[in-house]
Amino acid sequence: MLRKYYSLDECNDVDYVIEHLNQLQDNSKIYFEILDDEIIKIEDVGLLDVEIKKLLKFLKSNDVVDYGDDYDDDYEDDYF
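Fair warning: this is a prediction, and the values are worked out from it, not measured in the lab.

Student: Looking at this structure, how should I read the sheet that holds strand β4 (residues 65–68)?
Tutor: Two strands in a sheet stick together by hydrogen bonds in their backbones, pointing the same way (parallel) or opposite ways (antiparallel). Reading across the sheet, the four strands line up as β2-β3-β1-β4 and stay open at both edges, with antiparallel pairing between neighbours. The open sheet has two free edges, formed respectively by β2 (30–35) and β4, since each of these has just one partner strand. Ignoring which end each strand starts from, the neighbouring axes of this sheet average 30° apart. Here three bridges tie strand β1 (residues 5–7) to β4, and the two strands are oriented antiparallel to one another. What sits directly across from Ser-7, in β4, is Val-65.

Student: Would you mind showing me how to read the pattern of salt bridges here?
Tutor: It is possible for side chains of opposite charge to pair when their charged atoms get near one another. Per the stated rule, a full pass over the model turns up three salt bridges. Arg-3 is paired through a salt bridge with Asp-66; the nearest N and O atoms lie 3.5 Å apart. Taken as a pair, Arg-3 in the segment before β1 and Asp-66 in strand β4 lie far apart in primary sequence, 63 residues in all. Residue Arg-3 is classed as partly exposed on the basis of its relative accessible area of 31%. In this structure, the salt-bridge partner of Lys-29 is Glu-51, at a minimum N-O distance of 3.3 Å. With Lys-29 in the loop between α1 (14–26) and β2 and Glu-51 in helix α2 (residues 49–61), the pair connects residues that are 22 residues apart, well separated along the chain. A relative accessible area of 24% means that Glu-51 is categorised as partly exposed. Taken together, the shared-partner salt bridges connect Arg-3, Asp-66 and Asp-69 into one network.

Student: Quick question: what am I supposed to make of the side chain of Ser-7 here?
Tutor: Tracing the backbone shows Ser-7 in strand β1. Among the polar contacts made by the side chain of Ser-7, one reaches the main-chain amide nitrogen of Asp-9 at a distance of 3.2 Å. Filtering out sequence-adjacent residues up to four positions away, Ser-7 remains in contact with Glu-38, Ile-39, Asp-63, Val-64, Val-65 and Tyr-67.

Student: Is there a simple way to think about the nonpolar core in this case?
Tutor: For soluble globular proteins, nonpolar side chains are generally found buried alongside one another. Among the nonpolar cores identified, the biggest contains 18 residues, and Val-17, Leu-21, Ile-30, Ile-42, Leu-55 and Leu-59 are the most heavily contacted of them. Counting residues per element, the ones that place at least two in this core are α1, β2, β3 (39–44) and α2. Other than its neighbours up to four places away in sequence, Leu-59 contacts Tyr-6, Val-17, Ile-42 and Val-64.

About the cut-offs
Residues numbered from 1 in each chain as written. Predicted model: local features only at pLDDT ≥ 70, side-chain atom pairs only at ≥ 80, totals over all residues. Heavy atoms only, no water. Pairing = 2+ DSSP bridges. Helix = DSSP H or I, 4+ residues; strand = E, 2+ residues; numbered from the N terminus. Axes fitted to C-alpha atoms, helices over the stretch in contact; angles between N-to-C directions. Salt bridge = Lys/Arg side-chain N within 4 Å of Asp/Glu carboxyl O. Buried < 20%, exposed > 50% of the residue type's maximum accessible area, 1.4 Å probe, protein only. Polar contact = N/O pair within 3.5 Å; in protein donor to acceptor, adjacent residues only side chain to side chain. Contact = heavy atoms within 4.5 Å. Core = buried A, V, L, I, M, F, W, Y, C linked by side-chain atoms within 4.5 Å.

So, in structure tokens, the structure goes:
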């Protein structure tokens, strides 16, 4: 299952991962954005099940860590 947030903290080749995600986004398969320089928010907008499996394998092989679905991108506002 594709999660909503992933961490690039342990990724060895961030540029390669971003390039791959950009290709998927250009093909209208996903929408993604980078939050806080190391968290990626991914939204599936047209991936087939087999494409989801390939993407998950790609992320895992590039040390992109599942951050789950509960990342609060507005957490800084909570402290002010």
